[in-house]
Amino acid sequence: MAGSLKERELSVKIYNKLQALGCPSVEGLFLREADGMKELLCTPSMHRLDILQWICTSICPPMKKRFSELKGPQPDSQIKELVQFCHEMLLCRQDDFDLIKGVSSPQRQLALLEQLVDVLPRDESEAGEPLSEQVCRNEALLKELFSSPHLQTMLHPTCNPWPVEIRELLSRREAAGQSSNTASKKSRNLPSKQREDSLKEVTESLQKTNTALEEIHKECVFLHSDPQSSGRSSTHLSPPALRLAIVDLSQLMTAFSQLYDSDFREYCNRAAPQLRESAEAFSTAHSLLAACTKELQALNQLSVTSLALTSTVEGQQQCRRFWSRGHMQSLPAKIEELKRRYKDFLCIYQRSRERMREESAGEKRDYRRE
């Protein structure tokens with residue numbers, strides 16, 4: 001139920017974005033129900049392919065030429081082009097045709113559409129410049145960065161900056177590479193039978209390695225491409241792992257800002273990038289998680305203390321010890337004895353009190369007679 005609610009909210013969000021961006025495939029539609037928007041975006045149809053085609057051509061205008069070369073409606077060719085484009089953008093696998101056709105799960109389809117819509121350039125007042133100009137500007141910036149002699153000196157230093165243990169590891173790798181080259185040269189001069197035997201041994205070792213890798217891949221659920229499985233695997237992350245990831249991200253962002261200010265600024269002649277204010281949400285989330293952890297630890301300690309107190313009281317009640325008069329009794333038995341003695345004392349006291357009242361009343365009667 002929670003998954004379907006999230007899918008409906010995401011469908012409404014994507015549909016509203018497409019309308020705001022002026023997608024011609026949704027201009028004449030007046031959908032108000034979330035189920036209708038979800039059906040439009042997650043059901044296989046030519047209308048859905050037209051929406052994907054418009055998104056891809058808006059992101060990459062040269063794609064229009066490829067689609068214009070297709071004569072008439074050719075869904076298979078259109079799907080191949082869309083899969084190739086999404087694969088180049090690292091959004092799906094190269095053979096993931098079901099995702100583009102609309103056959104896969106709605107969650108995967110909506111995740112793909114959300115990523116594509118987020119890449120779409122906004123209008124000029126919001127985007128500031130066209131996507132082509134941004135690409136040219138970014139390419140010029142990268143060329144300027146990588147062509148600087150200072151950066152080349154850093155990437156290819158004259159002295160070896162690696163520590164001793166890493167240098168030894170690199171030298172071992174180089175020696176292993178040279179030995180493998182010599183072994184391959186020797187294998188060329190071997191007879192055909194020996195080559196076949198060595199080829200069989202190598203094939204068996206490769207099969208064993210492939211089997212081991214598949215088992216490791218099955219264990220690492222978070223490496224699967226399905227967002228549902230990745231969503232399930234995210235629940236297995238421990239709080240220390242999440243804390244470590246947040247701290248590493250913060251340190252990387254700080255280090256990049258310092259490096260940009262110290263080394264890259266004079267070669268770029270541009271202002272340092274401004275970090276978004278939403279980055280503070282990481283520290284807020286960390287503090288809230290830490291407070292929640294402390295509260296849970298306090299509740300756990302309270303439950304442990306309560307159990308210890310209960311066991312102590314039960315032990316006191318069951319333990320027998322010597323009280324007054326040299327009798328060995330447990331605490332409940334002693335309390336029952338004290339109750340009984342107190343009741344007996346009350347009975348004796350009430351009887352004596354009634355007797356005293358009767359005597360005083362008799363004396364008063366005798367006094368009146370006299």
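Residues numbered from 1 in each chain as written. Predicted model: local features only at pLDDT ≥ 70, side-chain atom pairs only at ≥ 80, totals over all residues. Heavy atoms only, no water.

J.: Describe the overall build of the protein chain, and please don't skip the residues or the numbers.
T.: On a plain count of helices and strands, the protein chain comes out with 16 helices and two strands. Classification of the 370 residues of the protein chain by burial places 16% in the buried group. For the protein chain, the proportion of contacts with a sequence separation of at least 24, taken over those separated by at least 6, is 52%. Carbon and sulfur atoms make up 57% of the accessible area of the protein chain, which totals about 28500 Å². (Helix = DSSP H or I, 4+ residues; strand = E, 2+ residues; numbered from the N terminus. Buried < 20%, exposed > 50% of the residue type's maximum accessible area, 1.4 Å probe, protein only. Contact = heavy atoms within 4.5 Å. Areas by Shrake-Rupley, 256 points an atom, 1.4 Å probe, with all protein chains shown as cover.)

J.: Describe in detail the confidence of the model for the protein chain, supporting the description with residues and values.
T.: Scored by pLDDT, the protein chain comes out at a mean of 76, with 73% of its residues at no less than 70. Scored below 50 in pLDDT, residues 225–236 makes twelve contacts in the model with residues more than four places away or belonging to other chains. (pLDDT = per-residue confidence, 0-100.)

J.: Can you break down the packing of helix α2 (residues 34–42) against helix α7 (residues 106–119) residue by residue, with the values?
T.: Look at α2 against α7: their axes get within 10 Å of each other, and the N-to-C directions meet at 80°. Compared by their axis directions, α2 and α7 come out roughly perpendicular. Of the residues in α7, those in contact with K38, L41 and C42 of α2 are P106, Q109, L110 and L113. (Axes fitted to C-alpha atoms, helices over the stretch in contact; angles between N-to-C directions. Parallel < 35°, antiparallel > 145°, perpendicular 65-115°, else oblique.)

J.: Pulling in residues and values, what's your account of the nonpolar core?
T.: Counting residues in each nonpolar core, the largest one holds 33 residues, and the members touching the most others are I14, L18, L41, I55, I100 and L116. A per-element tally of this core places helix α3 (residues 46–59) first, with seven residues. Each residue touching I14, except ones within four places of it in the same chain, is listed here: L41, L110, L113, E114 and V117. (Core = buried A, V, L, I, M, F, W, Y, C linked by side-chain atoms within 4.5 Å.)

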